[in-house]
Amino acid sequence: MRKFALGDVVNSDKGRRGVVRAAFKSRDGQQFYAVEKDGAIDYLEEDRLSPAPRVELAA
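Throughout what follows, the structure given in this document is the object of discussion.

**A short note on the overall build of the protein**
In terms of regular secondary structure, the protein is built from 0 helices and 5 strands. Traced from its N-terminal end to its C-terminal end, the protein shows the element sequence β-β-β-β-β. Viewed in the frame of its principal axes, the protein has a C-alpha envelope of about 45 × 25 × 20 Å. By the burial criterion, 27% of the 59 residues in the protein qualify as buried. Counting 11 positive and 10 negative side-chain charges, the protein places the averaged centre of each group 1 Å from the other.

Shown next, in the form of structure tokens:
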């Protein structure tokens, strides 16, 4: 089962924040995600990603 859904904001292990644009499994069964950051796409393993903290804005 996938840990992240399309449109989720995530942080990579390198400290980059991006948006999940696609999710797929490798032939070995490992979960990968296509994460967009400033128009560029990175393909990262699920264990290299963590959920980005939600920021609450003041009214």
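**Considerations on the packing of aromatic side chains**
Enumeration over the complete set of coordinates arrives at 3 aromatic pairs. Each ring, one from Phe24 and one from Phe32, has its centre 5.9 Å from the other, and the planes form 10 degrees; the classification is stacked. Under the relative-accessibility criterion, Phe24 is labelled partly exposed at 34%. Every member of this aromatic cluster is reached through a ring pair, and the members are Phe24, Phe32 and Tyr43.

**Observations regarding the sheet that holds strand β3 (residues 31-37)**
As summarised here, the arrangement of the 5 strands in space is β4-β3-β2-β1-β5, forming an open sheet in which the pairing is antiparallel. Every interior strand has two partners, whereas the edge strands, β4 (40-45) and β5 (49-51), have only one. On average, each strand axis in the sheet is tilted by 45 degrees relative to the strand beside it, whichever way the strands run. One ladder, built from 3 bridges, connects strand β1 (residues 9-12) with β5; its direction is antiparallel. When the bridges of β5 are listed, Ser12 appears paired with Leu49.

**Quick notes on the pattern of salt bridges**
Pairs can form between side chains of opposite charge once their charged atoms are near each other. For the structure on display, the rule yields 4 salt bridges. Where Arg48 meets Glu45, a salt bridge forms, and the shortest distance between an N and an O atom there is 3.3 Å. Each of Asp13, Glu45 and Arg48 takes part in one network of salt bridges that share partners.

What counts as what
Residues numbered from 1 in each chain as written. Predicted model: local features only at pLDDT ≥ 70, side-chain atom pairs only at ≥ 80, totals over all residues. Heavy atoms only, no water. Helix = DSSP H or I, 4+ residues; strand = E, 2+ residues; numbered from the N terminus. Buried < 20%, exposed > 50% of the residue type's maximum accessible area, 1.4 Å probe, protein only. Lys, Arg positive; Asp, Glu negative; His and termini not counted. Charge placed at Lys NZ, Arg CZ, Asp CG, Glu CD. Phe/Tyr/Trp six-rings, centres within 6.5 Å; stacked < 30°, edge-to-face > 60°. Pairing = 2+ DSSP bridges. Axes fitted to C-alpha atoms, helices over the stretch in contact; angles between N-to-C directions. Salt bridge = Lys/Arg side-chain N within 4 Å of Asp/Glu carboxyl O.

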